[in-house]
Amino acid sequence: MEKQKLPNEQVVMILGILSYIGCCCTSGIGGLILSGIGLYLAKKAHDTYNENPELYNIKSLDTWKIVNMVAFVLSALVFVYWIYMKATGKDIEQQKQLEELLEQLSKGR
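Here is a short report on the structure shown in this document.

What counts and what doesn't
Residues numbered from 1 in each chain as written. Predicted model: local features only at pLDDT ≥ 70, side-chain atom pairs only at ≥ 80, totals over all residues. Heavy atoms only, no water. Salt bridge = Lys/Arg side-chain N within 4 Å of Asp/Glu carboxyl O. Helix = DSSP H or I, 4+ residues; strand = E, 2+ residues; numbered from the N terminus. Buried < 20%, exposed > 50% of the residue type's maximum accessible area, 1.4 Å probe, protein only. Expected span 1.5 Å × (residues − 1). Contact = heavy atoms within 4.5 Å.

Okay, the pattern of salt bridges next. The full count for this structure, using the stated rule, is 2 salt bridges. Here K43 and D47 are joined by a salt bridge, their closest N and O atoms 3.3 Å apart. Placement of both K43 and D47 in helix α2 (residues 29–51) is noted, with a separation of 4 residues, approximately one turn of the helix. With relative accessibility at 48%, the residue K43 sits in the partly exposed group. One salt bridge connects D91 with K86, and the closest N-O pair in it is separated by 3.0 Å.

A few words now on α2. Here α2 contains 23 residues, and its C-alpha end-to-end distance of 34 Å stays within 8% of the 33 Å for a straight helix at 1.5 Å per residue. Buried within α2 are the following residues: G30, G31, S35, G38, L41, A42, A45 and Y49. In this structure, the buried side of α2 is in contact with α1 (9–25) and α3 (59–88).

On to the environment of G28. Here G28 lies in the loop between α1 and α2. Placed 14 residues apart in sequence, G28 and I14 show a C-alpha to C-alpha distance of 17 Å. Not counting residues within four places of it along the chain, the set of residues in contact with G28 comprises G22, C23, S75, V78 and F79.

Structure (structure tokens):
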């Protein structure tokens, strides 16, 4: 008998991919949320597999679970860095430097 895909396997895959985008575009918050949901759904699918291991193929799910774990850690690091920048006021300094650079580039034309 051919083994079936686990429920939510594709959702875990999509959340893993989107969490990388969320990590970069939302100061880590989006990545934390998306990869957290992905890890929760992967755990539920893993529990389903443990009930009937002969029915399901788990290799792909394990891969996407690791992808979600890595995205979660990266998102947490980006979020901690964002908090540090806000708490120390360095984000304002960085913004001023960026504005100065853009002014210099626009005058050079």
